[in-house]
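Architecture at a glance
Read off the chains here:
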Amino acid sequence: MDALDRLAGMAFPWAVAWFALLMALRTGVVLRRGYRLELGVAKGSPRRGILYSLTFSMLPWKKESTRLHPWTYAAGMGMHLGIFASFVFALGRRFADWPPWAPPLFGVLAGLGLLSAAGLFLKRATRPFMRPITSPDDYISNLLVQLYLLGALLTAFSGGWVGLWRAAAVALLLYVPLGKIYHMLLFFVSRTLFGLQFGRRGVLRHDLPVSY
Amino acid sequence: MAASQETAVATALDVIEKKLNLPLTTYLEACTHCGLCADACHLYRADPVARHMPVFKADTVRKVYQRYFTPLGRLFPWLFGTRDLTEKDLDGWVETVFQCTLCRRCSIECPVGIDNASLIATARQILTRTGKAPPTLAEHARLSCEVGSPLGLTREDFLERIRWIEDELREELEDEAFAVPLDLVGADLLFIPASIELMKYPRTVQSCLRILRAAGVRWTMSSVCYDVTNFGVFLGDPEIGKKIARRDIEEAERLRVKTLVTSECGHAYRALRWEAPDWFGKPLPFEVKNIVELADEWVRDGRLKLDPCANAQPVTYHDPCNITRNGGVIEEPRRLLAAAVRQFREMTPNRERNWCCGGGGGLHSMPEYKDVRLQSGLMKADQIKATGAAVVATACANCQLQLGELSEHYGLGVRCVSVTDLVAEALVGRGKAIGGTTAARPGEAGRID
């Protein structure tokens, strides 16, 4: 594990640089594609649409798709919460000492994330309707996340697994700008565009009374 | 004739390259393939096979993008389950992307906010450009461009039709002086119907004309531009869309009207109201409104008086996807129906989450997909049945056509009408109500269940 830790430690700054450079390059390419606001006269509020799209519309009861698939929604939220917690945990370990209660808490969150990611992997691998829309990239992305969450979980409860965690982080950093996890950035762009257009067209208006 | 293999592939790549703006690139890149869009699709709910999943349809273009436009896809295409595009692949796309109504319900339900319909429209554009679009759809577009109507209705046919409608209205309104104003320069409104209404639902055209007359506004129709539909939308091809829309726009400019009024034709409204300004790269020099929006305004400002007693049977409303989800005309028909009918019953879900009837996206013009189209109306049929309504009103002629067929296919036993039909029935005063004599006062409008 020491050897892995040393190797991962050496690779880590390069992986961060690779990640930053490729993310910037790829994002630059995407942004350069350009966007022009719809020219039809607005009927609703784009600002309100964006706000709604980035907040309340993501609540589980707001969408039929999440109401129909509560476990998938929960797993998605659990996985992303786990990733975020593990990232915060990693940063904290690097720049400050966590109080003694913190690592187990992060460990639990990472564990929840791992369980969720594994559940989503299983769903993808076993449900017939998922296969036609699945490619190796989907599996690789999920496995890399699982490995990272596993590293965080083990490190939270035992300091001896830092090498594994760091190696997982390196692998993740190398792959994110190239594969499906790149959606971590475009998710917000996509939701903003959604809110902008549907808000502008006056589609996202709720609970208005039906009366003269 | 289909292009050769090389030309077809080059055309496909060219279409994608030219359309790659920020939104399209985002929708191509940000999909997580979670599959949650599947259950949002009426086609998939009625027949849960892979080709009906919105993400599967969108993946046609996405896989080409990954193969030819992303660094990792260029090096390791297998990673994204993609490969070199062939003409055979394009042939395989036809059924996948044209068996879709472009209703965008999946966009509303996507956790990421991916607009699958814009990707599916891109696939349709590729197939159109490579000569692989369903022949009937392509023929309707050709007729629209060359004759001025997707049904091949000539100017003479139109004039004959409108004179007949005029005669009917004179009798009905007991107004010998009534005449449809044609080519009136300087009118406030230019009303353009859809060919399908002129041919199949002349009653709806009469209803629109009665509403325009009752409102006491200066309106006109055009003798050279008498069809508002736009098959460019169905083919996903903005160039065809522009060609067809240009005729409407130039006529509205020639007649110097303030507002172009579309009839109850969902995609036509969407095309002119929302897409055309982007196609031409500038806002239109006049307003575009749907007749339902205007009627709602006129009821609100007291120009039109309605008597709900004229429509005593329970009525439900089907939200046309292009009017509601893609057009933002949501509360207007509801307010109108609340004033024009005795009992209004909402379907569930409704508004931007309504189920598509299955007739949109040009599907009604592709006879080879009739079985799929009727099957895909299952969710809508169940919704209608649950309301117990005797009448289904809608604001789109295409939906009306499909709802009528669904009623027959699923034994619903409902009457399918347009919103303007019910409004015209309920008109009092200059509109001459058939059923009632008094106007509804605010607060007295039709009951909402």
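Residues numbered from 1 in each chain as written. Chains lettered and ligands numbered in written order. Predicted model: local features only at pLDDT ≥ 70, side-chain atom pairs only at ≥ 80, totals over all residues.

1. Quick look at the overall build of chain A
Secondary structure summary: chain A contains 8 helices and 0 strands in total. Reading the helices (α) and strands (β) of chain A from amino to carboxyl end gives α-α-α-α-α-α-α-α. Projected onto its principal axes, the C-alpha positions of chain A cover 70 × 40 × 35 Å. Within chain A, the proportion of its 212 residues that are buried is 40%. (Helix = DSSP H or I, 4+ residues; strand = E, 2+ residues; numbered from the N terminus. Buried ≥ 20, exposed ≤ 12 C-beta atoms within 10 Å, placed from the backbone.)

2. Re the interface of chain A and chain B
With 48 residues of chain A in contact, the opposing surface of chain B contributes 59 residues. Broken down by element, the residue count for the side of chain A that touches chain B peaks at 8 residues, all from helix 8 (residues 183–200) of chain A. (Contact = placed C-beta atoms within 7 Å.)

3. A word on helix 2 (residues 22–29) of chain B
Owing to its 3.6 residues per turn, the α-helix brings residues three or four apart onto one side. The buried fraction of helix 2 of chain B amounts to 7 of the 8 residues, a majority that puts the element mostly inside the structure. Among all positions in helix 2 of chain B, only B:Pro23, B:Leu24, B:Thr25, B:Thr26, B:Tyr27, B:Leu28 and B:Glu29 are buried. Elements that come into contact with the buried residues of helix 2 of chain B comprise helix 1 (2–32) and helix 8 of chain A together with helix 1 (5–19), helix 4 (54–69) and helix 8 (116–129) of chain B.

4. Looking at the pairing of strand 3 (residues 259–262) of chain B
In the sheet, strand 1 (residues 189–192) of chain B pairs with strand 3 of chain B via 4 bridges, with the strands oriented parallel. Looking at the pairing, B:Ile192 lines up with B:Thr262 of strand 3 of chain B. (Pairing = 2+ DSSP bridges.)

5. Quick notes on the domain arrangement of chain B
Accessible area lost on assembly of the parts is the figure often given for the size of an interface. Residues and elements named next belong to chain B. Domain assignment breaks chain B into domain 1 (5–133), domain 2 (155–297) and domain 3 (303–448). Relative placement of domain 2 and domain 3: their C-alpha centres are 20 Å apart. Taken together, the 32 residues of domain 2 in the interface contact 34 residues of domain 3. Of all the secondary-structure elements, those providing two or more residues to the side of domain 2 that touches domain 3 are helix 11 (195–199), helix 12 (202–215), helix 13 (231–235), helix 15 (266–280) and helix 16 (291–300). If one sorts the elements of the side of domain 2 that touches domain 3 by residue count, helix 12 sits on top with 9 residues. Residue classes in the side of domain 2 that touches domain 3 are distributed as 16 nonpolar, 6 polar and 10 charged. (Domains from an automatic or database assignment. Nonpolar A, V, L, I, M, F, W, Y, C, P; charged D, E, K, R; others polar.)

6. A few points about the confidence of the model for chain A
Predicted confidence across chain A gives a mean pLDDT of 92, with 96% of residues reaching 70 or more. For the stretch residues 208–212 of chain A, pLDDT sits under 50, and the model shows 13 contacts to residues farther than four places along the chain or on other chains. (pLDDT = per-residue confidence, 0-100.)

7. Concerning unusual backbone geometry
All names here are of chain B. The omega torsion across Thr348 and Pro349 is -10°, close enough to zero to call that bond cis. With respect to the helices and strands, the residue Pro349 is situated in the loop between strand 7 (343–345) and helix 18 (370–375). One non-glycine residue with positive phi stands out, namely Leu102, at about 55°. With respect to the helices and strands, the residue Leu102 is situated in the loop between helix 6 (87–98) and helix 7 (105–109). The buried category is assigned to Leu102, around which 25 C-beta atoms lie within 10 Å. In the Ramachandran plot, Glu174 falls in the positive-phi region, its phi being about 50° despite a non-glycine side chain. Mapped onto the elements of the fold, Glu174 is located in the loop between helix 10 (155–173) and strand 1. Judged by C-beta crowding, with 8 C-beta atoms within 10 Å, Glu174 ranks as exposed.

8. Quick word on the nonpolar core
Among the nonpolar cores identified, the biggest contains 193 residues, and A:Leu149, B:Ile211, B:Ala295, B:Leu337, B:Leu422 and B:Val423 are the most heavily contacted of them. In terms of residues, this core owes the most to one element, helix 7 (residues 162–175) of chain A, which gives 9 residues. Not counting residues within four places of it along the chain, the set of residues in contact with A:Leu149 comprises A:Gly82, A:Ile83, A:Ser86, A:Ala110, A:Gly113, A:Leu114 and A:Ala117. (Core = buried A, V, L, I, M, F, W, Y, C linked by C-beta atoms within 7 Å.)

9. Here we look at the sheet that holds strand 4 (residues 287–290) of chain B
All names here are of chain B. Pairing is parallel across the open sheet formed by 4 strands, whose spatial order is 2-1-3-4. This sheet does not close on itself; its edge strands, each paired only once, are strand 2 (219–220) and strand 4. Sheet topology places strand 1 next to strand 2; 2 bridges connect them, and they run parallel. Residue pairing for strand 2: Leu189 is matched across the bridge by Trp219. Helix 15 rests against strand 3 and strand 4 of the sheet, and its axis sits at about 160° to strand 3. (Axes fitted to C-alpha atoms, helices over the stretch in contact; angles between N-to-C directions.)

10. Considerations on helix 1 of chain B
Residue and element names in this part refer to chain B. A rise of 1.5 Å per residue sets the reference length of helix 1, with its 15 residues, at 21 Å; its end C-alpha atoms lie 21 Å apart and thus fit the reference within 8%. Residues Ala8, Val9, Ala12, Val15, Ile16 and Lys19 constitute the buried set of helix 1. Buried positions in helix 1, seen along its axis, are confined to an arc of 125° and lie on one side of it. When the buried face of helix 1 is taken as reference, the exposed residues oriented beyond 90 degrees from it are Glu6, Asp14, Glu17 and Lys18. Of the surrounding elements, those touching the buried residues of helix 1 are helix 2, helix 4, helix 6 and helix 8. (Expected span 1.5 Å × (residues − 1). Arc of directions from axis to C-beta.)

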